[in-house]
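The residues making up each chain are set out below.
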Amino acid sequence: MAPSRGRYQADRRTQRRRHSTSITLAQARRMLPLVSRVVADIRDHWRQLTALELEQARLDARRRHLAWPDRRRRYQIAEEIQYHVRELRSALAELDTLEVVLVDPEKGEAAFPTTIHGQPGFFLWTLGQDAPHWWCYADETRRRIVPEHWLQDVSAQDAAGS
């Protein structure tokens, strides 16, 4: 991880914040088309930033001996980093508006705040999945598989709603 990486990571206070919203499993599934696009953008910008920061570090290490094309590239990288940081912040703000928490930008993992058995928790989802497959309580790191009957209940609700 590059030294400046911490500036781009989701604020830990945001991850611990008690959300006023409790998103049901059915609501989380309905939100996935939008959330998946936003999370994919975050993952893509994150990957670009990682690559650019590595290239910048390589050029910075030789900055006193660079030929003009490499010097020009250093300036371009700085501009590209600024662009990706702006886009990343915008996407993170959109997730925050939806009250969805980014868990892992590299894997494209997000969490939907919910209430499970009367306690605050999260449904966990990763890019490529058709629905959240894991859940956890807010104050625990242990992940549990979403029980099959929860998914069946959601399917029944979706069928009744259409």
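Residues numbered from 1 in each chain as written. Predicted model: local features only at pLDDT ≥ 70, side-chain atom pairs only at ≥ 80, totals over all residues. Heavy atoms only, no water.

*Asks:* Even after reading the chapter, I still don't get the packing of helix α2 (residues 25-61) against helix α3 (residues 68-98), so can you show me in this structure?
*Replies:* Each pair of packed helices can be summarised by the angle the axes make with each other and by the distance between the axes. Where α2 contacts α3, the axes come no closer than 8 Å and their chain directions differ by 155°. Taken as axis vectors, α2 and α3 run roughly antiparallel relative to one another. Taken as a pair, α2 and α3 cross one another with a handedness that is left-handed. (Axes fitted to C-alpha atoms, helices over the stretch in contact; angles between N-to-C directions. Helix = DSSP H or I, 4+ residues; strand = E, 2+ residues; numbered from the N terminus. Parallel < 35°, antiparallel > 145°, perpendicular 65-115°, else oblique. Left-handed = near helix turned anticlockwise from the far one by under 90°.)

*Asks:* Can you walk me through the sheet that holds strand β3 (residues 119-126) in this structure?
*Replies:* Strands in a sheet are paired, the pairing made by backbone hydrogen bonds, and the direction either parallel or antiparallel. Spatial ordering of the open sheet is given by β1-β2-β3-β4-β5, a layout of five strands whose pairing is antiparallel. A single partner strand is all that each edge strand has here, and the edge strands are β1 (101-104) and β5 (144-145). Bridge count between β1 and strand β2 (residues 109-116): three bridges; the pairing is antiparallel. Within β2, the residue paired with D104 across the bridge is E109. Packed on one face of the sheet, α2 meets β1, β2 and β3 and runs near 155° to β2. (Pairing = 2+ DSSP bridges. Contact = heavy atoms within 4.5 Å.)

*Asks:* What is the right way to look at the packing of aromatic side chains in this model?
*Replies:* Think of a pair of aromatic rings as described by two things: how far the centres are apart, and how the planes are tilted against each other in angle. Inspection of the entire model under this criterion finds three aromatic pairs. When the centroid spacing of 6.3 Å and the interplanar angle of 85° are considered together, the rings of F123 and W150 count as edge-to-face. Here W150 lies in helix α4 (residues 148-161) and F123 lies in strand β3, a separation of 27 residues in the sequence. The exposure class of W150 is buried, given its relative accessible area of 17%. Each ring, one from W135 and one from Y137, has its centre 5.0 Å from the other, and the planes form 90°; the classification is edge-to-face. There is no split in this pair, since W135 and Y137 are both buried. Feature note: the residues F123, W135, Y137 and W150 constitute an aromatic cluster, connected by ring pairs. Of note, R144 hangs over the ring of W135, and the distance from its end group to the ring centre comes to 4.8 Å. (Phe/Tyr/Trp six-rings, centres within 6.5 Å; stacked < 30°, edge-to-face > 60°. Buried < 20%, exposed > 50% of the residue type's maximum accessible area, 1.4 Å probe, protein only. Lys NZ or Arg CZ within 6 Å of the ring centre and 35° of its normal.)

*Asks:* What's the story with the pairing of β3 in this structure? I'm lost.
*Replies:* Sheet faces and side chains relate simply in a regular strand, where the side chains alternate between the two faces. The element β3 is largely enclosed, with a buried count of six among its eight residues. Relative to β3, β2 runs antiparallel, the two sharing eight bridges. Following the sheet pairing, P113 is matched in β3 by F122. Where β3 lies against strand β4 (residues 134-137), four bridges are found, and the strand directions are antiparallel. Within β4, the residue paired with G121 across the bridge is Y137.

*Asks:* Please explain the pattern of salt bridges as it appears in this structure.
*Replies:* Between side chains of opposite charge, a pair can form when the charged atoms approach closely. By the definition in use, this model includes seven salt bridges. Measuring nitrogen to oxygen at the nearest pair gives 3.5 Å for the salt bridge that ties R62 to D70. Accessibility expressed as a relative area gives 37% for R62, which makes it partly exposed. For E140, the salt bridge goes to R144, with nearest N and O atoms at 2.9 Å. For R144, a relative accessible area of 16% puts it in the buried group. Connected through salt bridges with shared partners, the residues E55, R73 and E80 form a single ionic network. (Salt bridge = Lys/Arg side-chain N within 4 Å of Asp/Glu carboxyl O.)

*Asks:* What is the right way to look at the side chain of T114 in this model?
*Replies:* Position of T114 among the secondary structure elements: in strand β2. Here T114 falls in the buried class, since its relative accessible area comes to 7%. A polar contact is formed between the side chain of T114 and the backbone oxygen of I23, at a distance of 2.8 Å. Beyond its immediate sequence surroundings of up to four residues, T114 is in contact with S22, I23, Q119, P120, G121, F122 and F123. (Polar contact = N/O pair within 3.5 Å; in protein donor to acceptor, adjacent residues only side chain to side chain.)

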